[in-house]
Every structure is written in structure tokens, then in C-alpha cells.
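Read off the chains here:
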Amino acid sequence: MKMEEKIVAIAGNPNTGKTTIFNSLTGTRQQVGNWPGVTVEKKEGYYIYKDVKFKVVDLPGTYTLTGESEDQKIAIDFITQNEVDVLIIMADALNLERSLYLLLLLSEFHKNIIIDLNMVDLAEKEGIEYEIQHLEKLLKVKFVKTVGNKNIGIEDLKEEIYKKCKEPPSEFFEFNYGEEIEKVISEIVCQFKNLKLPYPPRFLAIKILEKDEYFTNFIITKVDWKKINDLIMNTEKFLNKPLDRVLMEKRYGIIHGIVKESLIEKKKELKPEITEKVDRILTHNFLGPLFFLFIIFIIFNAVFVWGKPFVNFIELILEKLKIVFSYLNLPIWINSLIKDGIISGVGSVILFLPNIFLFFFFFAILEDTGYMARAAIVADRIMHKVGLHGKSAIPLILGFGCNVPAIMGTRILENKRDKILTSLSIPFMSCSARLPVYLLFTGIFFKENQGMIVFSLYLLGIGIGVLSIKIFGSIFLKDESLPLIIELPPFRMPYWKNVLIESWTRTKYFLKKAGTIIFLGTLILWVLNYFPHPYNYGTEMNFIGKLGSFIFPLFKFSGFGFWQAGVALIFGIYAKELVVVTFGTLFGVENLTETLRFYFTPISAYSFMLMSLLYMPCLATFLILKKEVGIKWALISLFWSLFAGWFFSTLFYQIFSFLKGGTFVN
Amino acid sequence: MKKLVEAKEGKYKVVDVLKHGKLKKLCNMGIFVGDIIEVVKPAPGPVIIKKGNITIGIGCGIAMDIIVEKVE
């Protein structure tokens, strides 16, 4: 017999322990994805309790509900358009008022609600305790006390969810905004009489009173808007205040009263907490940025240095696998497909896994401890000058390690514009995969000042990243970056179970999504390299070689107009390290230095490095961009990076050739 | 009375928020006109304020439009 299935949604303010409770309910039976059509992370999981299978959906954290924010619209749409059986609202016991504000908003369109009063241990330490029965009586909702990171109260929560599914409540809390406003709401609702709406009419009427742009635009052509507008204007005139402000004040007024009535112990006067003392250092104008850089340096090292033994181990396994396949008596083409195509291609993604896991692991620690919000504060001053939000600095800096997890890291940005602009500039941050190209060329052509040359490339990458933000920010994404307003949660010890589940789920998502698409890319590249067959793999006579011959004239003015460079650059789209490997294969490793000296001059070598720095770092980056910001922006990024690479390398080559020889080169 | 962006460390009363959109943002975070707040970290850079158990970082763009009055 099929088990009964119920849907449970978790909503709440950020930093109320939503993820911890979600993880406690579902354990590792969860998956991360995107909400359809947007780049906001979607998490769902399930658990079985008694005879019911519960599907749990973690809604984006929010303080309020407007249609203007992507996150909030997701929450509204999910609850109104899905049959959510139970809605859990997470409440931080230290800041109950703000959570109850969300309850008032959500109760307009969902009635089967449980309030999870989380972190009651911390509240008790601060002398805050509530008379739960009184709260339940006033608000007509069930309260469950939990301490998420200690697994306290989770069974009670499961039991309460079960009960709510079996016996939905008979009475609900209905907020009354007072005679004058209720009259306006009723009149607006009357206007919706013959309309089929995806939202509850009363909720929609309230949103119109709040001047919510999204919902107003949604309804404006369907009703007699002039009548509604006159009604709003007259009421505002009568009340002498904007209606959205009146509604907000009414809600907080009643909440304040309820909380005050239910508070058992008065809050003790506390000495400055450790959080406050630490905050003075972490957000200090001088020490804050130093600490921020130190943390980034540690993560950088941990992700790429600590990850190295694991990467080497995977590399060894892949090599062994190739050897095993060469001993098998398989047809040549199958052997090549497996070794050169699948193992090399998919292997290049699997190789990233230890770095990606470590990246998400440290990221989860930063989030769990509460440092992430401080980092945004520290970086805000500089980032604001560039036209971005303080939080954008974190993925940008991590882009120096690997662009793939860095682009995934843009999920921490709430604003779509910031997310797109940051994602478009990350590919210009010189990742570790470009380093072998720099080392090869600087080792041959710039032995004396290798460090300076490599450093100049990193700086140029940053400069062109900033230029991209400026160009795309002023042409396509003109809206201003949202001003920073961010809650600083108290410092906490990371909850390790949470950290591990978060890192593993996100790594799994990367592996599943990027891995499957890369597999397809691998097959295409293999075909281009292998056919027509009688020729060796990856030569001038194969399709890839022909493609190289076709594109190399483009780089005539950049100083590297020969087909081998074209092929190396094509392979470089696949993974940047392959630029070096391709030169090695085409010229032979033993003659590489001499041959490169023959083909390149110091100026054209720098120009080639510039091209390698600026054009799309790898296929995985393109695919992750497509996943995170959509195909349109991924293609824009691809073509912009190709153009920027070609343009700046040509510009460099021509200017320096002119300075050296007094003439432009063609 | 002064702008929050000009306030030094200490306790202040929120007197007004000049732009309605910004007032909405603040209210959503639990800060209202009339509330007593404590400036923990003044400008330059985002201003950090405390109200009860809530600590909020406010960028200069918003802090410019918040009018506060020193509380003795």
C-alpha cells in the first residue's frame, strides 16, 4: 500500500535556525536545486513519521512578504500554488516580535501553522521566557519549543506536524486592521468578485494597500483601477499617513502587546557580550579588512593546498583506470572514447570534487558561525565603489582559486543584479588552472621577473573584471545595487552536523548537474578530436585541427597566428590546463622550450597569456554560469570574454610592438 | 539631531527616516521610528546598531537618511 504523503513548508526570518531544523527533520535525505526559472536555492527533503511520508521544503529566509523580492515571491507562490499541508514558521526566541510579524503576513493565506520557537536555551540564558499557552490562546497557533543544534524538541515537532496533518485546526487567527481599513479591504475584495485569482483575494487587497509593485501590476488591468486608487487616496487622506505604514504599525502594535503580555521574566541587563567585543575587532575599519583577508587566505589555502592530496589520489586512480583500459582488448575507438574522452573529460570534473567539498565546508562554517554577515560589512566600502554589494567580495576572491565554486558562491547574494554582475566578473579572476600557462611562458620568456609578470596578469584580470561590472552594470543592469542592510547574528560554534550535511548536499548537486552536462561536452570534443579517423588523435587533420586552422588567422594581429595556438586555445575552453598539455602534445615535451621560442617572442608570449587569462576559463565555468544565471548571461559572458581576450591581447601586442619597433605588426 | 551616518558610539532615538522605501526596510528588520538604538560601530563604512537582541549593519546609503537624536 502506498504511504500517505504530506507537504510541510518551513518559512522564517534569516538566522532563526531554519536550515538546522530542516536538517534535523530530513537528515541526508535531501537535495539542493534551484527554484524553477530563478537562481534562488531550493532545498527539499523527506522523512517518515508513523504512517506518513513528509516532504519538507525549506523556503527562502525572509522578514516580510512582497512580490518585489525574488525570494519572497517564491515563498508566496509555493504556499499558494501547492497544497502545503503544514506551514512551520521558525521563530527566534530572542527576537519573537519579528517572527510573529511574518506569522501575521503568512496567516493571510495559510491556516495550518506551527510556530517553532527555536533557540529557547539562548533566550533563557538572557532571562527571556514566554507563557506559551497564553501565546497559543491569543494567536490560535501551536507553539513547539526547540533547540535545533542540540536536537531538542525535534520529536515534539514531528508529533505536532503529524497531528496537524491528521486534524487540521478548526479556528484560525484573523488579524483585524480596524474598521476603516477593513472596510477598504472589503471594497477591494469586491472588485475581484468575478476573477479567478492565484492568490487569496484578501491577501491581494492588502498587498495593493501596501503599494506592492508586483501585485499592483498583476491586478491593475483586471479591475477598475481608478476606483481602487481613489479609495486608497481617500483613506490615506483621512488617516493622514501612507497606508503601508499604517498597516505595518498596526501589525507591530498588536504583536508588541501580545509579546509583552506573554513575557514571563524581564530581560536582565547584560554586560557587553563576547559577540560585541569580537565584533569591535572584526568590523573595525582597519583590523576588519585584515582579518577578512586572513580568513580568505586560510580558506584559499585549505581549499587548494589541503585538497591537493585528495586531488592527487583521484588523479592516480584515473591514471590507473586508463592503464587498465589499455590492457583490455577493446576496439581502438572504444578505447580512445573511454580513455581520451570519458576518463579525461569527466575525470577533470571529478578532480574538482575535493576542492569543491572543502570550499562548501568552509563556506558553511562561515555561515554557521555568523562571520559571513561581518565579511559583507567589511567589504562593503570597497565593493560599493565598484557598484556591487559587500557580499560580492567573497565569491570574487574565491574565484582566484577556482571559478566554478566561486560562481556557485554567488548564491549568497539576494539581489539578482548583484548575482549576475558578480558572476560575469568572476571568470576574469585568474584561477589556479591558468597558473600552468603562466609558469610555462614566464619560465621561458621572463625568467628574470617571473613573479612580477604573473602578478601583473592577476591585476589585469581584476581590472577587466571591474570593467565588466561597470559596462554591464551601466548598459544592461542599470538598477543600483541594493544598499546594505544586514542582520549580524550572534557568534555561535558551528553545528558540525549542519556543516557536513550542507557541504555534502551542495557537492552532490555540483557533481550531478555539472557532471552530466560535462559528460556530453566530453563526447562532442572526443568526436572532434578523433574524426576523421585514420589520423592520430587531436592533429591538424582532425576536425579539431581544422577548427584550429580556421580560427588562427583571427590571432594574427595578436602575435600568435598559427594553428597550434588555435588548437591550444580551443582545448583551453575545455579546461585551461589543457593549453599547456596541447602544446606538449603538438610540439613534443622534450622540444617544447625551443619550439615555443621559435613561435613566440616575449611580447607575443605575454599577449598569449593575456588571451588565456581573459577568455572563458573552462567548460565547467560556462555550464555553471548557465545553471546559475541562465543561458543568456552565460552566452554573453562567453562572447564578452572571447572578445575581451582577443581585443586586449591584440591591443597589448600592437602597442608594445610599436613601442619596440616603431611600427604596428600585421 | 543628526544623520545616523554622522553619529558616534552611544545611544540614540530614531526620529525619522527620510525615504519611505528605506523606512520599510528598517521596519522589516524590526527598527521603528521612536526606537532607542545603540550605535556600536559608527561610519566610515557601514554603521552597526543594536536594538535589544538585534544587531544590524546599515550601509551608508541608508544611514544617510536616518535621523537620530542623542539619548542621555
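Residues numbered from 1 in each chain as written. Chains lettered and ligands numbered in written order. Predicted model: local features only at pLDDT ≥ 70, side-chain atom pairs only at ≥ 80, totals over all residues. Heavy atoms only, no water.

## Re unusual backbone geometry
In this structure, the amide linkage connecting Phe531 of chain A to the following residue, Pro532 of chain A, adopts the cis form with an omega of -10°. Looking at the secondary structure, you find Pro532 of chain A in the loop between α23 (496-530) and α24 (543-551). Between Ala43 of chain B and the following residue, Pro44 of chain B, the backbone shows a cis peptide bond with an omega angle of 10°. Its place among the elements puts Pro44 of chain B in the loop between β3 (36-41) and β4 (47-51). The phi torsion at Asn151 of chain A lies on the positive side, around 60°, for a residue other than glycine. (Helix = DSSP H or I, 4+ residues; strand = E, 2+ residues; numbered from the N terminus.)

## Quick word on the interface of chain A and chain B
Size of an interface, as often reported, equals the accessible area lost when the parts are brought together. With 29 residues of chain A at the contact, the number on the chain B side is 27 residues. Note on chain A versus chain B: buried area summed over both sides is about 2,700 Å², and carbon and sulfur give 60% of it. Summed over the three residues of chain A that lose the most area to chain B, namely Arg245, Met248 and Ile485 of chain A, the buried surface amounts to 21% of that side. The interface formed by chain A and chain B holds one salt bridge in total. One salt bridge in this structure joins Glu9 of chain B and Arg280 of chain A, with 3.4 Å as the shortest N-O distance. For the pair chain A and chain B, the number of links is nine residue pairs in polar contact (both at pLDDT 80 or more). For the side of chain A that touches chain B, the secondary structure elements donating two or more residues are α3 (96-106), α11 (243-262), α12 (274-282), α17 (371-386) and β8 (485-487) of chain A. A total of four residues in the side of chain A that touches chain B trace back to one element, the largest contributor, which is α11 of chain A. Considering only residue class, the side of chain A that touches chain B consists of 13 nonpolar, four polar and twelve charged. (Contact = heavy atoms within 4.5 Å. Buried area = accessible area lost by both parts, 1.4 Å probe. Salt bridge = Lys/Arg side-chain N within 4 Å of Asp/Glu carboxyl O. Polar contact = N/O pair within 3.5 Å; in protein donor to acceptor, adjacent residues only side chain to side chain. Nonpolar A, V, L, I, M, F, W, Y, C, P; charged D, E, K, R; others polar.)

## Examining the sheet that holds strand β1 (residues 2-3) of chain B
Spatial ordering of the open sheet is given by β8(A)-β5(B)-β4(B)-β3(B)-β2(B)-β6(B)-β1(B), a layout of seven strands whose pairing is antiparallel. Edge positions in the sheet fall to β8 of chain A together with β1 of chain B, since each of these pairs with one other strand and no more. Bridge count for β4 of chain B against strand β5 (residues 54-58) of chain B is five bridges, and the pairing is antiparallel. What sits directly across from Ile49 of chain B, in β5 of chain B, is Ile56 of chain B. Packing against the sheet, α17 of chain A makes contact with β8 of chain A together with β4 and β5 of chain B, and its axis sits at approximately 155° to β8 of chain A. In this fold helix α1 (residues 20-28) of chain B packs onto β8 of chain A together with β2 (10-17), β5 and β6 (66-70) of chain B, with an angle of close to 135° to the strand it touches most, β2 of chain B. (Pairing = 2+ DSSP bridges. Axes fitted to C-alpha atoms, helices over the stretch in contact; angles between N-to-C directions.)

Honestly, it's all geometry; don't read function into it.
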